[in-house]
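Structure assessment
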Amino acid sequence: MVPAIKWRPLESNPKTMSAYIKALGVTGSWKFTDVLSADPALLCMIPHPCCAFILLFPITQNYVTYCEQEKDSIRKDGQQICDNIFYMKQTIGNACGTIGVIHAIANAQDKIVLKTDSPLLNFMDKVKRFNPAQIGAALETDELFAEAHTDAAQEGQTAPLSADAPLDLHFVALVHKEGSLYELDGRKNYPVNHGDSSEQSFVIDAAAVCRQFMARDPGEMRFSILALSQMD
């Protein structure tokens, strides 16, 4: 189904995304940095502490086929999802970058402090008793969020794309929560638990999931990873 509302797509750019989260209300020295390689030997370059990855990847037929297999596997075997994971559905076209940002920050509220009366804090307060579909719908009518997203979409190293531009790229967030690594994708029906993880092993575990995405489409080069880290 084609979304009734579409936003301009965001660029996977650490400077742009870092400015965006500041506009949303993130305080302190939290910033996005490029993950230059998912190779385990190079992960030491990522600043710590790191609370989330945001992965940009192409939606290919291989990926679509994998998602169907994943859905069947979860339907058959189930999965454990912690009660405190924040997850929302995507109902706005091209909003996957913003939803990835929300997923990253909302699941690190024990570390990241938000400004009083900021767009993200106000949104989180509004939706704290909503289900994932209701949270997605609430974003559709949030004018402050829409303005902040529009401002961010006009920044970056490439010319801004229109809301109606054909795209086959998608953002998802990877976060650690209560001993597990979660993939949070607003296009899916639920978070996906990728197994055991910890604050100490998160970067290694998240990079391993990113390598799985890449391995499904070895001929593709359109992958980009941002890490949300505290820069002190």
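Check the entry above for the structure.
Notes on the structure follow. (Residues numbered from 1 in each chain as written. Predicted model: local features only at pLDDT ≥ 70, side-chain atom pairs only at ≥ 80, totals over all residues. Heavy atoms only, no water.)

A closer look at helix α1 (residues 14-24)
- Looking only at α1, the buried set comprises P14, T16, M17, S18, Y20, I21 and L24.
- Residues of α1 that are buried in the fold lie against β2 (30-34), α3 (96-106), α4 (119-127), α6 (143-153), β5 (169-177) and β8 (224-230).
- Two to three positions downstream of the cap, the backbone nitrogen of K15 sits 2.9 Å from a side-chain oxygen, assigning the N-cap of α1 to N13. (Buried < 20%, exposed > 50% of the residue type's maximum accessible area, 1.4 Å probe, protein only. Helix = DSSP H or I, 4+ residues; strand = E, 2+ residues; numbered from the N terminus. Contact = heavy atoms within 4.5 Å. Polar contact = N/O pair within 3.5 Å; in protein donor to acceptor, adjacent residues only side chain to side chain.)

A word on the sheet that holds β8
- Strand order in the open sheet formed by 6 strands is β2-β8-β3-β5-β6-β7, and the pairing between neighbours is antiparallel. Of all strands in the sheet, those bounded by a partner on one side alone are β2 and β7 (192-196). Pairwise comparison of adjacent strand axes, ignoring direction, gives a mean angle of 25° for this sheet.
- Strand direction decides the pairing type here: strand β3 (residues 50-58) and β5, joined by 7 bridges, are antiparallel. (Pairing = 2+ DSSP bridges. Axes fitted to C-alpha atoms, helices over the stretch in contact; angles between N-to-C directions.)

Remarks on the nonpolar core
- Ranked by internal contacts, the top residues of the largest apolar core, which has 48 residues, are Y20, V101, I105, I112, F123, L139 and L228.
- The element that contributes the greatest number of residues to this core is α3, accounting for 7 residues.
- Beyond its immediate sequence surroundings of up to four residues, I105 is in contact with I21, V26, I112, L114, L120 and L228.
- Formed by 23 residues, the second largest nonpolar core is a distinct cluster that contains C67, L181, F202 and A206. (Core = buried A, V, L, I, M, F, W, Y, C linked by side-chain atoms within 4.5 Å.)

Overview of the pattern of salt bridges
- Scanning the model with the defined rule gives 9 salt bridges in all.
- Taking the shortest distance from any N to any O, the salt bridge between D110 and K111 comes out at 3.3 Å.
- Note on K111: relative accessible area 31%, which makes it partly exposed.
- In this structure, E183 and K188 form a salt bridge, with 2.9 Å as the shortest nitrogen-oxygen distance.
- Overall, E183 belongs to the buried group, its relative accessible area being 2%. (Salt bridge = Lys/Arg side-chain N within 4 Å of Asp/Glu carboxyl O.)

Some details on the packing of aromatic side chains
- One pass over the full model with this rule turns up 5 aromatic pairs.
- On the basis of an interplanar angle of 75° and a centroid distance of 5.4 Å, the ring pair of F123 and F145 is categorised as edge-to-face. Here the residue F123 occupies a position in helix α4, and F145 occupies one in helix α6, the gap between them amounting to 22 residues. Pair check on accessibility: F123 and F145 agree, each one buried.
- Site record: aromatic cluster; members linked through ring pairs are F57, Y63 and F213.
- Across the ring face of F213, the terminal group of R216 is positioned such that the distance to the ring centre comes to 4.7 Å. (Phe/Tyr/Trp six-rings, centres within 6.5 Å; stacked < 30°, edge-to-face > 60°. Lys NZ or Arg CZ within 6 Å of the ring centre and 35° of its normal.)

Quick word on helix α5 (residues 132-140)
- Among all positions in α5, only I135, G136, A138 and L139 are buried. All buried residues of α5 fall inside an arc of 160° around its axis, so they share one side.
- Its buried side turned inward, α5 meets β4 (92-93), α3, α4 and α6.
- Among the residues of α5, the N-terminal cap falls to N131, whose side-chain oxygen and the backbone nitrogen of A133 are separated by 3.1 Å. (Arc of directions from axis to C-beta.)

What to know about the pairing of β8
- Here β8 lies mainly inside the structure; 6 of its 7 residues are buried.
- Note: β2 against β8, 5 bridges, orientation antiparallel. Considered in β8, the bridge of T33 is made with A227.
- Note that β3 and β8 share 6 bridges and pair antiparallel. Looking across to β8, one finds that L55 is bridged to I225.

Section: the environment of N193
- In this structure, N193 sits in strand β7.
- Separated by 30 residues in the primary sequence, N193 and F223 place their C-alpha atoms 21 Å from one another.
- For N193, the residues in contact, after removing those within four places along its chain, are Q79, Q80, I81, S180, L181 and Y182.
- At 3.4 Å, the side chain of N193 forms a polar contact with the side chain of S180.
- Side-chain polar atoms of N193 contact the backbone nitrogen of G195, separated by 2.7 Å.

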